[in-house]
Amino acid sequence: AHPETLEIADYFGGLDDLAARRVRFIGDARQRIAEDHLRILRYYRFQTRFGAALDETAEDACAELAHTLKGLSRERIAAELLSLLALPDPHPTLERMRTRGVLGVILPEACKAQLAALARLIAAEAAQGFAPDPVRRLAALLPPSPDIAETVAARLRLSKAQRTRLVAA
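Residues numbered from 1 in each chain as written. Predicted model: local features only at pLDDT ≥ 70, side-chain atom pairs only at ≥ 80, totals over all residues. Heavy atoms only, no water.

Peer 1: Let's hear about the layout of surface pockets: which residues, and what values?
Peer 2: Roughly 510 Å³ of volume is contained in the largest pocket. In this structure, the largest pocket is lined by 16 residues; those nearest its centre are Arg-22, Val-23, Arg-24, Phe-25 and Phe-46. Broken down by secondary-structure element, the contributors of at least two residues to the lining of the largest pocket are helix H1 (14–20) and helix H3 (39–50). A per-element tally of the lining of the largest pocket places H3 first, with five residues. In terms of residue class, the lining of the largest pocket is built from eight nonpolar, one polar and seven charged. (1 Å grid on protein atoms, 1.4 Å probe; cavity = no way out; pocket = protein on both sides within 12 Å on 5 of 7 lines; lining within 4 Å. Points joined across faces, edges and corners; volume = space filled by probe spheres on them. Helix = DSSP H or I, 4+ residues; strand = E, 2+ residues; numbered from the N terminus. Nonpolar A, V, L, I, M, F, W, Y, C, P; charged D, E, K, R; others polar.)

Set out below in structure tokens:
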């Protein structure tokens, strides 16, 4: 927006994307992801929060380059994963991430049964009027084992409080 006239310069069609509730990369998705691999997880978080229509080009690029997430710091991955889990209903997105091989790179413990448990938890939260809790939801994505929870908490470098809650759940 121009600082004086407040006229919006929309170089990349962002206003049309907003109107269509479409989340996409600017330019070549693979190139944007190569610049910062965390954009894969941000794409899914933004798509969950703001999107409606899927961008197949972006989805394909995220799946193709999912293995590059292994090069990111664990803290960055944890922050994006917890931000995604804090959204009202991340289940469909996480299911897509699992199907496309993205979720398995960052959370291999989350299989189809754990995603079903997450869906039940989200429904129960809504029925009871509970706010989304990303650590509670992360626990639902794991097999019911304190040892596995401890391993995941250490791998994601969760805070001591988050680790204690995850293991207890």
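What follows continues from the structure just given.
Peer 1: Tell me about the environment of Gln-128, and name the residues and values.
Peer 2: You can see Gln-128 is positioned in helix H8 (residues 112–128). Gln-128 gets classed as exposed once you look at its relative accessible area, which sits at 57%. In this structure the C-alpha to C-alpha distance between Gln-128 and Ala-140, which are 12 residues apart in sequence, comes to 17 Å. (Buried < 20%, exposed > 50% of the residue type's maximum accessible area, 1.4 Å probe, protein only.)

Peer 1: An account of the nonpolar core is needed here, citing residue identities and associated values.
Peer 2: In this structure, Leu-94, Met-97, Ile-106, Leu-107, Leu-138 and Leu-166 are the most contacted members of the largest nonpolar core, which totals 46 residues. Among the elements that make up this core, the one with the highest residue count is helix H5 (residues 74–85) (six residues). Excluding anything up to four places from it in sequence, Leu-107 contacts Leu-81, Leu-138, Leu-141, Leu-142, Val-152 and Arg-155. (Core = buried A, V, L, I, M, F, W, Y, C linked by side-chain atoms within 4.5 Å. Contact = heavy atoms within 4.5 Å.)

Peer 1: Can you tell me about the packing of aromatic side chains, naming the residues and giving the values?
Peer 2: According to the stated counting rule, one finds three aromatic pairs in the structure shown. On the basis of an interplanar angle of 20° and a centroid distance of 5.7 Å, the ring pair of Phe-25 and Tyr-43 is categorised as stacked. Residue Phe-25 is located in the loop between H1 and helix H2 (29–35), and its partner Tyr-43 is located in helix H3; the two are separated by 18 residues in the primary sequence. Take Phe-25 and Tyr-43: they sit in the same class, and that class is buried. Between Phe-46 and Phe-50, the ring centres sit 6.3 Å apart and the planes meet at 55°, which makes this aromatic pair tilted. Linking Phe-46 with Phe-50, this pair stays in helix H3, spanning four residues, or about one helical turn. The exposure class assigned to Phe-46 is partly exposed, which follows from its relative accessible area of 34%. Grouped by ring-pair contacts, the aromatic residues Phe-25, Tyr-43 and Tyr-44 constitute a single cluster. (Phe/Tyr/Trp six-rings, centres within 6.5 Å; stacked < 30°, edge-to-face > 60°.)

Peer 1: Give a detailed account of a nonpolar patch on the surface, specifying residues and quantitative values.
Peer 2: A surface patch of nonpolar side chains, about 320 Å² in accessible area, is lined by Ile-8, Leu-15 and Leu-18. Note that Ile-8 resides in the segment before H1. (Patch = residues over 30% accessible without salt bridge, like charges linked within 9 Å, V, L, I, M, F, W, Y side chains within 5 Å. Areas by Shrake-Rupley, 256 points an atom, 1.4 Å probe, with all protein chains shown as cover. Salt bridge = Lys/Arg side-chain N within 4 Å of Asp/Glu carboxyl O.)

Peer 1: If you had to explain the pattern of salt bridges to someone new, which residues and values would you point to?
Peer 2: Tallied over the full model, the rule gives 20 salt bridges. Glu-64 is the partner of Arg-30 in a salt bridge, and the nearest nitrogen-oxygen pair spans 2.8 Å. Highlighted residues: Arg-30 in helix H2 and Glu-64 in helix H4 (residues 56–64), separated in sequence by 34 residues. One salt bridge in this structure joins Arg-45 and Glu-80, with 2.7 Å as the shortest N-O distance. One end of the pair, Arg-45, is in helix H3; the other, Glu-80, is in helix H5, and 35 residues separate them in sequence.

Peer 1: Please give an account of the packing of H3 against helix H6 (residues 91–99) that cites residues and values.
Peer 2: Taken N-terminus to C-terminus, the directions of H3 and H6 make an angle of 145°; their axes are 9 Å apart at the nearest point. Crossing handedness for the pair H3 and H6: right-handed. Every residue of H6 that contacts H3 at Leu-41, Tyr-44, Gln-47 and Thr-48 is listed here: Thr-93, Arg-96 and Met-97. When the residues that make up the contact of H3 with H6 are grouped by side-chain class, the tally is three nonpolar, three polar and one charged. (Axes fitted to C-alpha atoms, helices over the stretch in contact; angles between N-to-C directions. Left-handed = near helix turned anticlockwise from the far one by under 90°.)

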